[in-house]
Structures are given as C-alpha cells and as structure tokens.
Amino acid sequence: MNQIAHNIIQIEFRRISDSRPDKPQIVTELLVDYLSNDTFEIMCKLNNVTDLNTLAVIILWQLNGPLNIRMQNDNPSDTETYRKPKLYSNVTKWTAVGRFDNVTSNNRNTTLGVSRPVSSFTCTDSRLYKCYVQYIKSDMSNGLVFLRKELKVQVTPSKITKQIFEASGDGETLLSELTNSTTIVHVGQKLRLQCTANIGSFNSSVNIVWMKSSMDNGSQLVPFTSGKQIVGEPKAFGSCELEKTDSVLYNVSQEDALRTSGNSFHVQCYVHITSIDWKTPEQHRPNFTFVVHLNDGNMDSQNTTKAEEFTVILGIIGGVCALVIFGVAGIFLKRKF
C-alpha cells in the first residue's frame, strides 16, 4: 500500500461501550462476549487531506462476504447515496453509519461505516475489509486509493451443560441432565460429574475448573482436586467454534450426608481461558446439587426388638435432619445418633 493511501483514508475498528457511548475505543481485534451490550463499528475514515477538491465516492466492503456500503457527493440525482451511507447488499445484521462533512472545507472529515451489536458477531466474521475512495484533487486530477484491514474475531464461551452419571458398577447410568434440580444420592455411590462447555474460538489455554462446597463453610467454594479428573480435548463444531468436555469421579462420603442444611453439598464447574484471564460469569456457572442419604444395613440387634428387617436413612430433607424407619412388622427402634 502506498503512502498516499495511508494519508487519505484509514479503517478503524471501534468498540463502543454501552455505559460510555461517547468514548469509542479503537481496537485491533474483537473479543466477543455474548452477554455484552456494547456496539462494534467498522469505519472508513477520510483524513484531513489538504489537496482534496471533491470526494466522488467512498465504499466499504467485506472481502468474501455480503457487506457492501457506499456514499458519494458528486451526483445529487442519486439521492440514496448522496451524502448519506447506503447498504448495497441484503444484510440483516449491519446498520449503516457515518456522515458527510459539509462544514469543513474539502470534505476532509467524511466517514462511512457499519455498526452492529458485539454479541451478534461469530468467529466467521474474521475477514478482510476494504475501503475504496475516488476523489478529485485541487489540480482536477483524479485519484483512486484502496486500503485493506483484517478484523480478527475471538469468541468467548457461551454456555455450559452438566450431566451426572452413576458409575459404581461396570457400566454407567445417567442420573440427571440439563436441569437445576437436586439429585438424591447415597453414601458409597460413585458418581461421574460431567461438564460440556462451549469454549468459543479458543482451542488452547482453556481449562474447566472444578469447585466444591467447603465442609466448614457451605457458602465458600474450594478447588476440587481429587486427582480423578478426566480432561477432554477441544473438538470443533460448526465452522470455527469449539467444545470441551471434562469429568470428575466422586465417591459420596458419610461426611456429605452429615452436612447441615446451611452447608449443603454441591460441586461447580466453569471455564477459565488463561491467555486472557477470562472466567465464566458466576451467574452462568452450573452447580451439581445433592441430597445425600446415609444407608446403614448393619444395625446391632441390641438396639432393636421384634425387628426382622429395616433400613435407616439419614439425610438432609428440606433443611431438616430426618430419621426414616422401614420394617416388615412391629418395628421398635431405640438408638442414639
């Protein structure tokens, strides 16, 4: 690209914060957050050019894409593009923006661009954008300049799904999937907790982090490092986004059953992209929540009379410690817990 083109035009990528719309941030790439309310603009900007007499046309388009927008000032009969931007393609995501400067002499601050919500971008929007300007100089000679700039789009993870499997035997049975309900389990059960995460367009520096409610303080989550984590490799789906599935194996313990109602047993997973220090927002981190029953089939005969068979289940049910006794006939139980 020759030096004249750089003097006359430039392409700017601008991120506009929802909280500060008057302070656009010039960026070199776009990090997409599906929860964002920000707006992103791609602007073809005509700089302060001293030898410019008339701006004939300014065009911005997307290479290998549907976007094409133009504006001109040398043909007032073409009212669609005369001093106002006009999209020349059937696009639904983009909005035409920009202004023709008829105050500053020589049209030196004219801009042409497109805008759309940050949350609507995908990794397929990583493309080259080209700005084309045709003008007439003060000596009445014609000028044509081009400028190309590539937009790199990185997409952060959008969602996580969870599954719980019974893994005590040789095979596995699905216990719970895609719900926020509380799962009832028993001491001695072996569980496999699985998190499947959309990890956006990041295929490296991505970890699924596991946390467990503290034994001392249920409101505090502590790292879950049982040494039994099954780490999956990122797998592509669609055109350029990735998915990752990790699991942990967990043996339900007696301590889990004896937790108080204010310190329930739950496990959490979330995505951490270490290269940009991005973590799944807390309100979007799924919890595996459990009610744990204590099964005891080895009761001493001294503690029972006229009992032929029974099972004691001790658990936290609705925040109350409950003792439930089942028998065949005439059961009387006398035991201290």
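Fair warning: this is a prediction, and the values are worked out from it, not measured in the lab.

Enquirer: Any chance you could explain the overall build of the chain here in plain terms?
Expert: Along the backbone of the chain there are two helices and 27 strands. Among the 337 residues that make up the chain, the fraction classed as buried is 42%. Within the chain, contacts between residues separated by at least 24 positions form 61% of all contacts whose residues are at least 6 apart in sequence.

Enquirer: I tried to follow the state of the cysteines on my own but got confused; where do I start?
Expert: Here, disulfide denotes a covalent bond that connects the sulfur atoms of two cysteines. A complete count under the given rule lists three disulfides for this structure. Shown here is the disulfide that connects Cys44 with Cys131, its sulfur atoms set 1.5 Å apart. Residue Cys44 is located in strand 4 (residues 39-46), and its partner Cys131 is located in strand 10 (residues 127-137); the two are separated by 87 residues in the primary sequence. Here the two residues Cys44 and Cys131 agree in accessibility, since each one is buried. Here Cys123 pairs with Cys240 through a disulfide, and the sulfurs are 1.9 Å apart. Taking the sign of the S-S torsion, 100° for the link of Cys123 and Cys240, the bridge is right-handed. Here Cys123, found in the loop between strand 9 (111-117) and strand 10, pairs with Cys240, found in the loop between strand 19 (235-237) and strand 20 (241-251); they are 117 residues apart in sequence, far enough to count as distant. The class of Cys123 is buried, set by a relative accessible area of 10%. What connects to what in the chain, once the bonded cysteines are numbered by sequence position, is 1-3, 2-5, 4-6.

Enquirer: Would you mind going over the sheet that holds strand 4 with me for this structure?
Expert: What links the strands of a sheet is backbone hydrogen bonding, and the strands pair in either a parallel or an antiparallel sense. Reading across from one edge, 2-1-4-9-8 is the order of the five strands in this open sheet, with antiparallel pairing throughout. Every interior strand has two partners, whereas the edge strands, strand 2 (25-27) and strand 8 (95-99), have only one. Taken over all neighbouring pairs, the strand axes of this sheet differ in orientation by 30° on average, direction set aside.

Enquirer: Explain the side chain of His272 here, please?
Expert: If you trace the backbone, His272 turns up in strand 21 (residues 265-273). Looking at His272, the relative accessible area reads 16%, which means it is buried. A polar contact is formed between the side chain of His272 and the side chain of Asp277, at a distance of 3.1 Å. Apart from the residues within four sequence positions on either side, His272 is in contact with Ser205, Val206, Asn207, Val209, Asp277, Trp278 and Lys279.

Enquirer: I keep staring at the packing of aromatic side chains and nothing clicks. Help me out?
Expert: Centre distance and the angle of the planes are the two values used to describe a pair of aromatic rings. If you walk through the whole model with that rule in mind, you get ten aromatic pairs. Where Phe224 meets Tyr250, the ring centres are 5.6 Å apart and the plane angle is 70°; that geometry is what we call edge-to-face. Separated by 26 residues along the polypeptide, Phe224 in the loop between strand 17 (221-223) and strand 18 (229-230) and Tyr250 in strand 20 bring together distant segments of the chain. No difference in accessibility class separates Phe224 from Tyr250, as the two residues are buried.

Enquirer: Whenever I open this one, the pairing of strand 1 (residues 9-16) confuses me. Can you help?
Expert: The two faces of the sheet receive side chains in turn, since in a regular strand these alternate between them. Of all eight residues making up strand 1, six are buried, and the element is well covered by its neighbours. Taken together, the eight bridges between strand 1 and strand 4 define a ladder with antiparallel strand orientation. Residue pairing in the sheet places Glu12 in a bridge with Met43 of strand 4. In the sheet, strand 1 pairs with strand 2 via three bridges, with the strands oriented antiparallel. Each bridged residue has a counterpart across the sheet, and for Arg14 the counterpart in strand 2 is Ile26.

Enquirer: Looking at this model, I keep getting lost on the confidence of the model for the chain. Mind explaining?
Expert: Interpretation of the predicted coordinates at a detailed level should be avoided for regions scoring low in pLDDT. Counting all residues, the mean pLDDT for the chain is 79, and 81% of those residues have values of 70 or more. Segment residues 1-5 is flagged for pLDDT under 50; beyond a separation of four residues in sequence, or across chains, it makes eight contacts in the model. Segment residues 297-337 is flagged for pLDDT under 50; beyond a separation of four residues in sequence, or across chains, it makes 65 contacts in the model.

Enquirer: Is there a simple way to think about the environment of Leu60 in this case?
Expert: Considering the arrangement of structural elements, one finds Leu60 in strand 5 (residues 52-62). With a relative accessible area of 0%, Leu60 lands in the buried category. If sequence neighbours within four positions are ignored, Leu60 has contacts with Ile42, Cys44, Leu67, Asn68, Ile69, Leu112, Gly113, Val114, Tyr129 and Lys130.

Enquirer: Explain the nonpolar core to me, please; I cannot follow it from the model alone.
Expert: Generally speaking, a soluble globular protein has its nonpolar side chains buried in company with each other. The biggest cluster of nonpolar side chains holds 35 residues, and the ones touching the most others in it are Phe40, Ile42, Val133 and Leu151. Counting only elements with at least two residues in this core, the list comes to strand 1, strand 3 (29-32), strand 4, strand 5, strand 6 (68-72), strand 9, strand 10 and strand 11 (142-155). Counting residues per element, this core draws most heavily on strand 11, at five residues. Residues within four places of Ile42 in sequence aside, it is in contact with Ile11, Glu12, Phe13, Leu60, Trp94, Leu112, Gly113, Val114, Tyr129 and Leu151. Ile164, Leu193, Ala197 and Ala257 belong to the second largest nonpolar core, which has 28 residues in total.

Reading guide: rules and limits
- Residues numbered from 1 in each chain as written.
- Predicted model: local features only at pLDDT ≥ 70, side-chain atom pairs only at ≥ 80, totals over all residues.
- Heavy atoms only, no water.
- Helix = DSSP H or I, 4+ residues; strand = E, 2+ residues; numbered from the N terminus.
- Buried < 20%, exposed > 50% of the residue type's maximum accessible area, 1.4 Å probe, protein only.
- Contact = heavy atoms within 4.5 Å.
- Disulfide = S-S within 2.5 Å.
- Pairing = 2+ DSSP bridges.
- Axes fitted to C-alpha atoms, helices over the stretch in contact; angles between N-to-C directions.
- Polar contact = N/O pair within 3.5 Å; in protein donor to acceptor, adjacent residues only side chain to side chain.
- Phe/Tyr/Trp six-rings, centres within 6.5 Å; stacked < 30°, edge-to-face > 60°.
- pLDDT = per-residue confidence, 0-100.
- Core = buried A, V, L, I, M, F, W, Y, C linked by side-chain atoms within 4.5 Å.

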